[in-house]
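Structure assessment
Chain by chain, the residues:
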Amino acid sequence: MKYINELREGENVIEHYLCKSRQSMKSRNGKTYLSLKLQDKTGIVDAKVWDMNKDIQSFQENDFIKIDAFVTTFNNDLQLNVKRIRRSREGEYDPADFIPSTEKNIDEMYNQLLGYIKTIQNPHIKKLLEEIFQKHPVISKDFKYHSAAKTMHHNYRGGLVEHTLSVTQICDFMAPRYQFVDRDMLVACAMLHDVAKIMELSDFPENDYTDEGQLLGHIFMGAELIRDTAAKIEGFPKQLANLMMHCILSHHGELEYGSPKVPETIEAFILHCADNMDAKTKMFEDMIASNDTQGSWAGYHRMLARNIRKSDWK
């Protein structure tokens, strides 16, 4: 298979890809064309269908399609100029080729994450984590395989547990370094901060927002999960539940980034910093890893709004 990360400008490609999105657009002169996003396990590439003819057969979003296309460059990014399309037939492709996955061991990361439950001293918090991670019918089964995002960071199979473990490790490292930090609360909220991504995003290969995810979002649903689970645990302190819910509600840090509250406790602030650091550092890592040009500069990252340089100096 010719993977997306192997495409080079000037070549012709005949291959199967997953159609992640399909939009009918109008050019400046009023001509209809299709704007597509095609995916395999190595990435996503923009594609355009400029000539709507008999060789462009019927297909929809999330279909596997076979294309005949020419690789071009637009605004320094590769783009496919598609001449022919048809739906892929069963047996012509391997679905595993279209599911991006972490390079790390998913089971090892998940077991390491669950190991933090044993370190929690507060019996109410420990019970809450056990109920959510070990007894919840969906989370206990799907958490370790889910992605952490649609496009931003850790947007691959196992990305959610990879990101969650990293944030939990950072919070555990930070907890003893400052006064007044409730380590049990901070570590537990690190483990729980993105747990509702399972409900917000669909499974692969779609990995797209669910109706519930679009309407409510993982921040609200995560806080709701803590509230509802705590209510079923005998003697769970209401104030503790509120403090944990606040950590989830404020972990994006700013109102304009989707948090309905800004961090107002030291645990909430540390969690926000850890989440932000891991997500953005991952963007740096992915940008550098995907760069195949000569020289020290990996290019401009739109989400980070800056040019990124590799730290090579020898």
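Conventions we followed
- Residues numbered from 1 in each chain as written.
- Predicted model: local features only at pLDDT ≥ 70, side-chain atom pairs only at ≥ 80, totals over all residues.
- Heavy atoms only, no water.
- Axes fitted to C-alpha atoms, helices over the stretch in contact; angles between N-to-C directions.
- Helix = DSSP H or I, 4+ residues; strand = E, 2+ residues; numbered from the N terminus.
- Parallel < 35°, antiparallel > 145°, perpendicular 65-115°, else oblique.
- Left-handed = near helix turned anticlockwise from the far one by under 90°.
- Contact = heavy atoms within 4.5 Å.
- Nonpolar A, V, L, I, M, F, W, Y, C, P; charged D, E, K, R; others polar.
- Core = buried A, V, L, I, M, F, W, Y, C linked by side-chain atoms within 4.5 Å.
- Buried < 20%, exposed > 50% of the residue type's maximum accessible area, 1.4 Å probe, protein only.
- Pairing = 2+ DSSP bridges.
- pLDDT = per-residue confidence, 0-100.
- 1 Å grid on protein atoms, 1.4 Å probe; cavity = no way out; pocket = protein on both sides within 12 Å on 5 of 7 lines; lining within 4 Å.
- Points joined across faces, edges and corners; volume = space filled by probe spheres on them.
- Polar contact = N/O pair within 3.5 Å; in protein donor to acceptor, adjacent residues only side chain to side chain.
- Patch = residues over 30% accessible without salt bridge, like charges linked within 9 Å, V, L, I, M, F, W, Y side chains within 5 Å.
- Areas by Shrake-Rupley, 256 points an atom, 1.4 Å probe, with all protein chains shown as cover.
- Salt bridge = Lys/Arg side-chain N within 4 Å of Asp/Glu carboxyl O.
- Phe/Tyr/Trp six-rings, centres within 6.5 Å; stacked < 30°, edge-to-face > 60°.
- Lys NZ or Arg CZ within 6 Å of the ring centre and 35° of its normal.

Running from N to C, helix 4 (residues 159-174) and helix 5 (residues 183-192) point in directions that differ by 165°, and their axes come no closer than 8 Å. Viewed along their axes, helix 4 and helix 5 adopt a mutual orientation that is roughly antiparallel. Note on packing geometry: the crossing formed by helix 4 with helix 5 is right-handed. Judged by residue contacts, Thr164, Val167, Thr168, Cys171 and Asp172 of helix 4 engage Arg183, Leu186, Val187, Ala190 and Met191 from helix 5. Residues that form the contact of helix 4 with helix 5 fall into these classes: six nonpolar, two polar and two charged.

Among the nonpolar cores identified, the biggest contains 50 residues, and Leu128, Leu129, Phe133, Phe143, Leu192 and Met244 are the most heavily contacted of them. Breaking this core down by element, the ones donating at least two residues are helix 1 (106-115), helix 2 (123-135), helix 4, helix 5, helix 8 (217-231), helix 9 (238-249) and helix 10 (266-290). In terms of residue count, the dominant contributor to this core is helix 5 (eight residues). In this view, Phe143 contacts Tyr110, Leu113, Phe133, Val138, Leu160, Val161, Thr164, Val195 and Ile198; residues no more than four positions away in its chain are not counted.

Taken together, the five strands give a closed barrel; going around it, the order is 1-2-3-5-4, and neighbouring strands pair in mixed fashion. When strand polarity is set aside, the average angle formed by the axes of neighbouring strands in this sheet is 50°. Pairing geometry for strand 2 (residues 32-40) and strand 3 (residues 43-49), over seven bridges, is antiparallel. When the bridges of strand 3 are listed, Ser35 appears paired with Lys48.

So, on to the confidence of the model for the chain. Of all residues in the chain, 100% have pLDDT values of 70 or greater, and the mean over the chain is 91. Confidence, read as mean pLDDT per element, is least for strand 6 (residues 297-301) in the chain (85) and greatest for helix 5 (98).

There is about 720 Å³ of room inside the second largest pocket. Forming the boundary of the second largest pocket are 26 residues, of which Met152, His153, His252, Tyr257 and Met283 lie nearest the centre. Breaking the lining of the second largest pocket down by element, the ones donating at least two residues are helix 6 (197-200), helix 8 and helix 10. When residues of the lining of the second largest pocket are assigned to their parent elements, the largest contribution, six residues, is made by helix 10.

The subject of this paragraph is the side chain of Gln39. Inspection of the secondary structure assignment puts Gln39 in strand 2. There is a polar contact of 3.1 Å between the side chain of Gln39 and the backbone oxygen of Phe98. In contact with Gln39, not counting residues within four places along its chain, are Ile4, Tyr17, Leu18, Lys20, Ile44, Phe98, Pro100 and Pro205.

On the surface, a nonpolar cluster with roughly 360 Å² of combined accessible area is contributed by Tyr178, Phe180 and Ile266. Of note, Tyr178 is situated in the loop between helix 4 and helix 5.

With that settled, the discussion passes to the environment of Asp182. When you line up the elements, Asp182 lands in the loop between helix 4 and helix 5. We classify Asp182 as partly exposed; its relative accessible area is 33%. For the pair Asp182 and Thr73, spaced 109 residues apart in sequence, the C-alpha separation works out to 52 Å. Looking at Asp182, its side chain comes within polar contact range of the main-chain nitrogen of Met185, at 3.0 Å.

Here we come to the pairing of strand 5 (residues 77-87). In this structure, strand 3 lies alongside strand 5, joined through three bridges in parallel fashion. The residue bridging Lys48 from the neighbouring strand is Asn81, located in strand 5. With ten bridges joining them, strand 4 (residues 64-74) and strand 5 adopt antiparallel strand pairing. When the bridges of strand 5 are listed, Ala69 appears paired with Val82. Where strand 4 hands over to strand 5, the hairpin turn is made up of two residues, of which Asn75 adopts a positive phi near 50°.

The next point concerns the packing of aromatic side chains. Applying the stated criterion across every chain, the model contains six aromatic pairs. The interplanar angle of 80° and the centroid separation of 5.3 Å between the aromatic rings of Phe133 and Phe143 together place this pair among those described as edge-to-face. Within this pair, whereas Phe133 is found in helix 2, its partner Phe143 is found in the loop between helix 3 (139-142) and helix 4, the two being separated by ten residues in sequence. Each member of the pair Phe133 and Phe143 is classed as buried. Each residue in the set Phe64, Tyr93 and Phe98 is aromatic and connected to the rest through ring pairs, giving one cluster. Over the aromatic face of Phe59 sits the side chain of Arg22, whose NZ or CZ is 4.6 Å from the ring centroid. Cation over ring: Arg177 sits above Phe173, and NZ or CZ is 3.7 Å from the ring centre.

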